[in-house]
Amino acid sequence: MLEQLRPQWEKGALWWDERSAREQLMLGSLFAIALVALLLGAVIRPLESARARAAADIRTYQMIDLRLRQGGVSSGQRSGPPAQQISQSAAAAGLQVQRIEPQGARTNVVLADAPFDAVLRFVADLEKNSALRVSEARIERSQIAAGMVTAQFLVAGGAAG
């Protein structure tokens, strides 16, 4: 492959040699400036942006942790069918449940495009104020906005009716 590039390299070297020392200095300076601009635009700015997003995420998670530690969930034991208890916990966390599907002794719960901190409040409220327990959870980042997630839970336990 290097052999294929040799003619172009030789043409470039010949072209460079034909330039005066002043032109070579100006072209070298232009190349250095272009390299710095490329480094700033393609490497440093994206890294700074990712760092800022990570710092914002850390602040959000710290705030959620603080709220949960301060007892930011409601109290009072719930009863009734699992779907009703799930709906009450979702409402207490300020969430809309997209889907509640009974699956034998367990219930599948789907929350779409919900704030991450509200999803955590929902799980905490559900487990604190009912006999229901989250046995499986799948939480994925939503493409809608930062801090939004789509969550799916398998909930077990509780009164059947």
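Keep in mind that what you see is a predicted model, and the values were worked out from it rather than measured.

Parameters at a glance
- Residues numbered from 1 in each chain as written.
- Predicted model: local features only at pLDDT ≥ 70, side-chain atom pairs only at ≥ 80, totals over all residues.
- Heavy atoms only, no water.
- Helix = DSSP H or I, 4+ residues; strand = E, 2+ residues; numbered from the N terminus.
- Expected span 1.5 Å × (residues − 1).
- Bend = angle between axes of the 7 residues up to and from the residue.
- Salt bridge = Lys/Arg side-chain N within 4 Å of Asp/Glu carboxyl O.
- Buried < 20%, exposed > 50% of the residue type's maximum accessible area, 1.4 Å probe, protein only.
- Phe/Tyr/Trp six-rings, centres within 6.5 Å; stacked < 30°, edge-to-face > 60°.
- 1 Å grid on protein atoms, 1.4 Å probe; cavity = no way out; pocket = protein on both sides within 12 Å on 5 of 7 lines; lining within 4 Å.
- Points joined across faces, edges and corners; volume = space filled by probe spheres on them.
- Nonpolar A, V, L, I, M, F, W, Y, C, P; charged D, E, K, R; others polar.
- Axes fitted to C-alpha atoms, helices over the stretch in contact; angles between N-to-C directions.
- Parallel < 35°, antiparallel > 145°, perpendicular 65-115°, else oblique.
- Contact = heavy atoms within 4.5 Å.
- Core = buried A, V, L, I, M, F, W, Y, C linked by side-chain atoms within 4.5 Å.

If you check helix α2 (residues 21-69), its first and last C-alpha atoms are 70 Å apart, about what 49 residues at 1.5 Å a residue would give, namely 72 Å. Where α2 bends most, at L40, the angle is about 35 degrees.

This brings us to the pattern of salt bridges. Applying the stated criterion across every chain yields a total of eight salt bridges. In this structure, R99 engages E101 in a salt bridge whose closest nitrogen and oxygen atoms are separated by 2.8 Å. For R99, a relative accessible area of 38% translates into the label partly exposed. Residues E140 and R138 are paired through a salt bridge, measuring 2.7 Å at the closest nitrogen-oxygen approach. Through salt bridges with shared partners, one network takes in E18, R19 and E23.

A word on the packing of aromatic side chains. All told, the structure shown has two aromatic pairs when counted by the stated rule. Between Y61 and F116, the aromatic rings sit 5.3 Å apart at their centres with planes inclined by 75 degrees, giving edge-to-face as the arrangement. Linking Y61 in helix α2 with F116 in helix α4 (residues 116-129), this pair joins segments that are 55 residues apart in sequence. Arranged with centres 5.9 Å apart and planes meeting at 50 degrees, the rings of F122 and F153 form a pair that is tilted. Here the residue F122 occupies a position in helix α4, and F153 occupies one in strand β4 (residues 148-157), the gap between them amounting to 31 residues. Side by side, F122 and F153 carry an identical accessibility label, which is buried.

This next bit is on the layout of surface pockets. As a volume, the largest pocket reaches approximately 350 Å³. What lines the largest pocket is a set of 15 residues, and nearest its centre among them are D57, R141, A145, A146 and G147. Contributions of two or more residues to the lining of the largest pocket are made by α2 and β4. Of the residues forming the lining of the largest pocket, the biggest block, five residues, is contributed by α2. Grouping the constituent residues of the lining of the largest pocket by class yields eight nonpolar, four polar and three charged.

One way to put it is that helix α1 (residues 2-18) packs onto α2 with a least axis distance of 8 Å and a crossing angle of 120 degrees. Taken together, the axes of α1 and α2 are oblique relative to one another. Counted together, W15, W16 and D17 of α1 and Q24, L27 and G28 of α2 form the full contact between these two elements. Of the residues assigned to the contact of α1 with α2, the class counts are three nonpolar, two polar and one charged.

Let's shift gears to the side chain of D117. With respect to the helices, strands and loops of the structure, D117 is situated in helix α4. The exposure class assigned to D117 is buried, which follows from its relative accessible area of 15%. Discounting residues that sit within four places of it in the chain, D117 has contacts with M63, I64 and R67.

Further remarks concern the environment of G80. Along the chain, the position of G80 falls in the loop between α2 and α3 (82-92). For G80, a relative accessible area of 15% puts it in the buried group. Between the alpha carbons of G80 and Q143 there is a distance of 35 Å; along the sequence they are 63 residues apart.

Attention shifts here to the nonpolar core. I86, L95, L111, V119, F122, F153 and V155 are the most contacted members of the largest nonpolar core, which totals 18 residues. Residues within four places of L111 in sequence aside, it is in contact with L95, Q96, V97, V119, F122, V149, T150, A151 and F153.

For residues besides glycine, phi is generally negative; the peptide bonds are generally trans as well. Even without glycine at this site, D113 takes up a positive phi of about 50 degrees. The residue D113 is located in strand β2 (residues 106-115) in this model. Among the residues examined, D113 registers a relative accessible area of 33% and is labelled partly exposed.

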